[in-house]
Structures are given as C-alpha cells and as structure tokens.
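Structural characterization, general
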Amino acid sequence: MIAPHTKQRYHHGIQHQIDSIDKQIKDNYLTQHIIRIDPVENKEELRTWMSICHVGIIPSMSEGFCYTAVQMQAMGLSLIASKVGALPEVLDHTTTLFIPYGRAQPLQETLRKVLDNSPSKKHIPI
C-alpha cells in the first residue's frame, strides 16, 4: 500500500476512511499481506513495487488521466478502479474491474473475487 504512514498527512475528511480501511485489513486477517510504504518519487522504485503486486487498486474520487493506473496496466497488472473521471475511458475493460467510488462493499466483493481466482492464494501482495 503506497500511502503515508501517518494519516495526519491527509485531509481530515479522509482520515476516517483510512481508519475504516485499516480496520477492514485487520478484521480480514490481511495484515501480513500488506506492505505500507511512503509515497514513491523515484519512477524505477515505483515500477519495482508495482511489479510484485497481484492487483492494483485505484480508489480515486476523481481522476483526470491516471498515469499510475496506465503504467500498471501496461505492466499487465489487473486493476480495480473507481468508475470516475477519465479512468473508464483510458483503462482496458477486460483487465480492469470498475467499482463505484466511496462504497466499501463493492470494493470488498471485487477484491475477494480477484483473490479467490488467483493462481497463488498463499502470497498475494496488493
């Protein structure tokens, strides 16, 4: 998970969502599958992190042109993305599962489906 370690770096309105995500990770016993790193400035380092992932999640509330999502898709990574902004226009619909923004249940169901269909359920970095 590429995100600042401290939620105080986010807008106050998003801090509640971070708490909710952290609780879901813990409640679903996913802690050992999540690696938290601070935002990455170096493009090569970012590509390395993306290359070890099984699925990319782009939970954007709005998106112009998401270079990170396009890069992940170019690397052959499956994506779960919010159906907002230009994301549905620039991402391949055969490798991207689109979900509504701001609703946890569709994200949980979609992620569970992706993980259940994974060839290797033992080690799946996200």
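Residues numbered from 1 in each chain as written. Predicted model: local features only at pLDDT ≥ 70, side-chain atom pairs only at ≥ 80, totals over all residues. Heavy atoms only, no water.

As for the sheet that holds strand E3 (residues 96-99)
Strand order across the open sheet formed by three strands is E1-E2-E3, with parallel pairing between neighbours. A strand with exactly one partner marks an edge of an open sheet, and here the two such strands are strand E1 (55-58) and E3. The sheet shows a mean angle of 15° between the axes of neighbouring strands, direction not considered. Where E1 meets strand E2 (residues 78-82), four bridges bridge the pair, whose relative direction is parallel. Directly across from Gly56, in E2, lies its bridge partner Leu79. Where helix H5 (residues 104-116) meets the sheet, its contacts fall on E1, E2 and E3, and the angle it forms with E3 comes to roughly 160°. (Pairing = 2+ DSSP bridges. Helix = DSSP H or I, 4+ residues; strand = E, 2+ residues; numbered from the N terminus. Axes fitted to C-alpha atoms, helices over the stretch in contact; angles between N-to-C directions. Contact = heavy atoms within 4.5 Å.)

A short note on the nonpolar core
By size, the foremost hydrophobic cluster in this structure holds 14 residues, and its most contacted members are Ile58, Ala69, Met72, Leu87 and Leu91. For this core, the secondary structure elements donating two or more residues are helix H2 (43-51), helix H3 (67-74) and E2. Membership of the second largest hydrophobic core comes to six residues, among which are Val55, Ile80, Leu111 and Val114. (Core = buried A, V, L, I, M, F, W, Y, C linked by side-chain atoms within 4.5 Å. Buried < 20%, exposed > 50% of the residue type's maximum accessible area, 1.4 Å probe, protein only.)

A look at the side chain of Ser82
Among the structural elements, Ser82 can be located in strand E2. Residues within four places of Ser82 in sequence aside, it is in contact with Ile58, Pro59, Ser60, Leu87, Phe98, Ile99 and Tyr101.

Focus: the packing of H2 against H3
As a packed pair, H2 and H3 sit with axes 10 Å apart at the nearest point and diverge in direction by 55°. Between H2 and H3, the interaxial angle falls into the category oblique. The crossing of H2 and H3 is right-handed. Contacts between H2 and H3 involve Leu46, Arg47 and Met50 from the first element and Thr68, Gln71 and Met72 from the second. Across the contact of H2 with H3, the residue classes tally to three nonpolar, two polar and one charged. (Parallel < 35°, antiparallel > 145°, perpendicular 65-115°, else oblique. Left-handed = near helix turned anticlockwise from the far one by under 90°. Nonpolar A, V, L, I, M, F, W, Y, C, P; charged D, E, K, R; others polar.)

Details of the pattern of salt bridges
Overall, the coordinates contain two salt bridges when judged by the stated rule. Residues Lys23 and Asp27 are paired through a salt bridge, measuring 2.5 Å at the closest nitrogen-oxygen approach. Taken together, the positions of Lys23 and Asp27, both in helix H1 (residues 12-27) and four residues apart, correspond to about one turn of that helix. Classification of Lys23 as exposed rests on a relative accessible area of 51%. The salt bridge involving Arg47 is made with Glu44; its shortest N-O contact spans 2.6 Å. You can see Arg47 and its partner Glu44 sitting in helix H2, three residues apart, about one turn around the helix. For Glu44, a relative accessible area of 52% puts it in the exposed group. (Salt bridge = Lys/Arg side-chain N within 4 Å of Asp/Glu carboxyl O.)

Things to note about the confidence of the model for the chain
For the chain, the average pLDDT comes to 79, and 87% of its residues sit at 70 or higher. Predicted confidence in the chain is weakest over H1, with a mean pLDDT of 80, and strongest over E3, with 90. (pLDDT = per-residue confidence, 0-100.)

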